[in-house]
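Listed here are the chains, written in short residue letters.
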Amino acid sequence: MNIQSIRRLEDGLRQAFPQAQLPADWQIVPEPCPPGMSGDITVNCFRFARFFKSAPDAVAEKTLELLKADPEVQNAERVKAFVNISLRAEALCRDTIGSVSAILEEGKLPEAARKRILVEYSAPNTNKPQHLGHVRNNTIGMSVCKLLARVGHDVVPVNLINDRGIHICKSMLAYQRFGNGDTPEKSGIKGDHFVGNYYVKYNVELKKQIEALRAARPELKDKSDDELFLETEIGAAAQDMLRKWENSDPDTVSLWKLMNSWVIAGFNETYARMGVEFRKTYLESQTYLLGKDNVRKGVEDGVFATREDGAVIADLGKLGTKVLLRKDGTSVYITQDIGTTLLKHREFSPQGMIWVVGDEQILHFQMLFAILKKMGCAWADGLFHLAYGMVNLPTGKMKSREGTVVDADDLFDEMHELARSAALERVPEGAEPPADLEQRSEIIGMGALKFMLLKFNPKTTMMFDPQASLKFEGDTGPYVQYVCARINSIARKAAERGVSAGSVNWALADSPEERALAVTAARYPDALKAAAEKMDCSTLVNYLLDLAKAFNRFYREKQVLNAEDPATAAARLAMCFAVRDILTDGLNTLTIAVPEAM
């Protein structure tokens, strides 16, 4: 909070404690006054008393003395080492909600703290369409990118499409056997859905062959499906196709390119609807050879070792031993990540890299980072895995192989229709639906989806309920969006009545609701920076809910346009506009749009 009294307090404490040894960037960061105590803000002297080489109570007593003498402080009281402050209304509002442009600017980090950060997210496989899990990944990834950029970092969002490997060969083989020359255009099916159907067909056939194998050979009944994969005809055929692909067999490569193009076209439609954009998209098919070359060089340099069976391994100490090249010379997943990471660093020279990937890959990234350090990459200390938990629906977990996933495109359509129904329910009987109904439904539906996915810490395994996410009351995106829409309505009525928020007398905004709203608005820069530092958008989500609730308490208790006099109406109208600007900025940072009306 950029409150002048706090800045004067800092100067006063420096003079009162000449023995102080303060950090160069030291400043007092006041906090909202705890519930049940009087005051707008509190200064916690426990946090910095050590810098003044004095007991917290002594620093608090001096703080109290200085604040009581401050002309803009209405009242101050000490509770142990906490000093609770009530500012005069004019000072409180002038430096908080009355300076909304300053609040928005204060959300940026100092130039020296800004970095170039590369964020990789999405990373779908080209054997299936994106599903609810990808939606959570995309939502976290794009919002973290926007959040980091909002506080001043130079953010490079990239995608890595997994377009090679045994799983890709499964859908290719199934298309060869069951496709009969069909195409997405002929069938009228979106490209990624079309290919995903063949991945499911492959696994149906694989399951049949495994069951037949167990029935024919009882000694295999206790072996897992993975152990029996190469024992089946269709499993061996997929592995053979992978070898052909890696050896540039023309027919295999031609089929791969064709099916790849279908899937990527489908992905791009899904991304456009979510608002996902990348500075660059990498294909693993173009980077896995680079990884192999670097692994081979690592063997030459003595960084990696060759096992007796010919496989290349990395000894990672407590993390264990990791195979980097199989005995037949084919690469594994981590080999591709080595090459891609080196390529990304060479092309963008970031000071940090973030991977948004599910928490089932925690060990994988620990090993990747350890391998890069082993290879002498000093910048590997700036690598971070932003792990997130699974997301489920009330109907249960999803399984790609069985075709029971919650498809992203279908989910978007459902959210749109639910939002559309909710909007129509608000139309008075006999009135025409709004002209922008479809656009409004898309904004509300997608906003509800993103908001709910970001509401929880990324590490949380969460349950997503589409209908609950669209409620206009409660901790939802539409609840926050509705505050902005309500203020837009107030603005339209103000224009009709000629009420302006031009010259404001902030001394009139002295009710508990107005004071609480001003204090909550002033917390926005801290919420932005805290969310960016933790790379946790739920911090920002919870702040926006707090501000929306503070506004609704204010709006319930205080008339705006029908205030007791024009000057009070102007002050309250200005408060409304400031809240709308902050909420809009925060929602946009979460990649959520704001409808003009709801």
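How each quantity is defined
- Residues numbered from 1 in each chain as written.
- Predicted model: local features only at pLDDT ≥ 70, side-chain atom pairs only at ≥ 80, totals over all residues.
- Heavy atoms only, no water.
- Pairing = 2+ DSSP bridges.
- Helix = DSSP H or I, 4+ residues; strand = E, 2+ residues; numbered from the N terminus.
- Core = buried A, V, L, I, M, F, W, Y, C linked by side-chain atoms within 4.5 Å.
- Buried < 20%, exposed > 50% of the residue type's maximum accessible area, 1.4 Å probe, protein only.
- Contact = heavy atoms within 4.5 Å.
- Right-handed = clockwise from strand over helix to strand, strands pointing away.
- Expected span 1.5 Å × (residues − 1).
- Axes fitted to C-alpha atoms, helices over the stretch in contact; angles between N-to-C directions.
- Phe/Tyr/Trp six-rings, centres within 6.5 Å; stacked < 30°, edge-to-face > 60°.
- pLDDT = per-residue confidence, 0-100.
- Salt bridge = Lys/Arg side-chain N within 4 Å of Asp/Glu carboxyl O.

**Student:** What's the story with the sheet that holds strand β10 (residues 321-325) in this structure? I'm lost.
**Tutor:** The strands making up a sheet are joined through hydrogen bonds of the backbone, oriented either antiparallel or parallel. Here we have 3 strands laid out as an open sheet, ordered β8-β9-β10, and antiparallel in their pairing. Edge positions in the open sheet fall to β8 (305-306) and β10, since each of these has one partner strand only. Where β8 and strand β9 (residues 312-315) come together, 2 bridges link them in antiparallel fashion. Residue pairing across strands places Thr-306 opposite Val-312, the latter belonging to β9.

**Student:** How should I be thinking about the nonpolar core in this particular structure?
**Tutor:** In summary, soluble globular proteins display a tendency toward joint burial of nonpolar side chains. Residues Phe-48, Ile-97 and Phe-464 are the most contacted members of the largest nonpolar core, which totals 147 residues. When residues of this core are assigned to their parent elements, the largest contribution, 11 residues, is made by helix α21 (residues 537-557). Every residue in contact with Phe-48, bar those within four places of it in the chain, is listed here: Leu-13, Trp-26, Ile-28, Val-43 and Val-59. With 30 residues, the next largest nonpolar core counts Leu-118, Tyr-282, Leu-325 and Leu-343 among its residues.

**Student:** Explanation requested: the pairing of strand β6 (residues 154-161) in the structure shown.
**Tutor:** The buried fraction of β6 is high, at 7 of 8 residues. Two elements, strand β5 (residues 116-120) and β6, share 5 bridges in a ladder whose sense is parallel. Counterpart to Leu-118 in the pairing with β6 is Val-156. Regarding the hand of the β-α-β motif, the stretch spanning β5, helix α5 (residues 132-150) and β6 is right-handed. Of the strand pairs in this sheet, β6 and strand β7 (residues 280-283) are connected by 4 bridges, and their pairing is parallel. Note that in β7 the partner of Leu-160 across the bridge is Tyr-282.

**Student:** Would you take a moment to explain helix α16 (residues 437-454) for this structure?
**Tutor:** An α-helical turn contains 3.6 residues, so a residue and the one three or four places further along point in the same direction. Its 18 residues place the ends of α16 25 Å apart at the C-alpha level, agreeing with the 26 Å of an ideal helix rising 1.5 Å per residue. The buried fraction of α16 is high, at 15 of 18 residues.

**Student:** Please explain the sheet that holds strand β4 (residues 82-87) as it appears in this structure.
**Tutor:** Reading across the sheet, the 4 strands line up as β1-β2-β4-β3 and stay open at both edges, with antiparallel pairing between neighbours. Two strands lie at the open edges of the sheet, namely β1 (31-32) and β3 (73-79), each paired on one side alone. Its contacts with the sheet put helix α1 (residues 4-16) on β2 (41-44), β3 and β4, and the angle it makes with β2 is roughly 20 degrees. Contacting β3 and β4, helix α2 (residues 56-68) crosses the sheet at an angle of about 165 degrees to β3.

**Student:** What should I look at first to understand unusual backbone geometry in this one?
**Tutor:** Excluding glycine, a negative phi dihedral is what most residues carry, and trans is how most peptide bonds are arranged. Unusually for a residue other than glycine, Ala-123 sits at a positive phi of about 45 degrees. Within the secondary structure, Ala-123 sits in the loop between β5 and α5. Overall, the relative accessible area of 25% leaves Ala-123 in the partly exposed class. A positive phi is found at Ser-349, a non-glycine position, where the angle reads about 45 degrees. The class of Ser-349 is partly exposed, set by a relative accessible area of 49%.

**Student:** Sorry if this is basic, but what is going on with the packing of aromatic side chains here?
**Tutor:** For any pair of aromatic rings, geometry is given as the distance between the ring centres together with the angle between the planes. One pass over the full model with this rule turns up 20 aromatic pairs. Ring plane angle 45 degrees and centroid distance 4.9 Å describe the contact between Tyr-121 and Phe-278, whose orientation is recorded as tilted. A residue pair is termed long-range when its members are at least 10 positions apart, and Tyr-121 in the loop between β5 and α5 and Phe-278 in the loop between α11 (250-274) and β7 qualify at 157 residues. Assigned by exposure class, Tyr-121 and Phe-278 land together as buried.

**Student:** Would you take a moment to explain the confidence of the model for the protein for this structure?
**Tutor:** Scored by pLDDT, the protein comes out at a mean of 93, with 98% of its residues at no less than 70. Contacts for the low-pLDDT stretch residues 397-403, under 50 throughout, to residues beyond four places or in other chains number 21 contacts.

**Student:** Honestly, the pairing of β10 in this entry has me stumped. Any pointers?
**Tutor:** Regular strands have side chains that alternate between both faces of the sheet. Alignment of β9 against β10, held across 4 bridges, turns out to be antiparallel. Note on β10: the bridge partner recorded for Ala-314 is Lys-322. Hairpin connection, β9 to β10: the antiparallel pair is bridged by 5 residues, and Gly-317 has positive phi, about 60 degrees.

**Student:** Quick question: what am I supposed to make of the pattern of salt bridges here?
**Tutor:** Any two side chains of opposite charge can pair, so long as their charged atoms come close to each other. As enumerated under the stated definition, the model contains 41 salt bridges in all. Put simply, Arg-164 and Glu-246 hold a salt bridge, and the shortest N to O gap is 2.1 Å. Taken together, the positions of Arg-164 in the loop between β6 and α6 (166-178) and Glu-246 in helix α10 (residues 233-246) put the pair 82 residues apart, joining distant regions of the chain. On the basis of relative accessibility, which here comes to 4%, the residue Arg-164 falls in the buried class. Assessed through its relative accessible area of 14%, Glu-246 is described here as buried. Between Arg-273 and Asp-413 there is a salt bridge, with its nearest N and O atoms 2.7 Å apart. Of this pair, Arg-273 sits in helix α11 while Asp-413 sits in helix α15 (residues 408-425), and the two are 140 residues apart along the sequence. Looking at Arg-273, the relative accessible area reads 28%, which means it is partly exposed. Salt bridges sharing common partners tie together Arg-8, Asp-70, Glu-72, Arg-94 and Asp-95.

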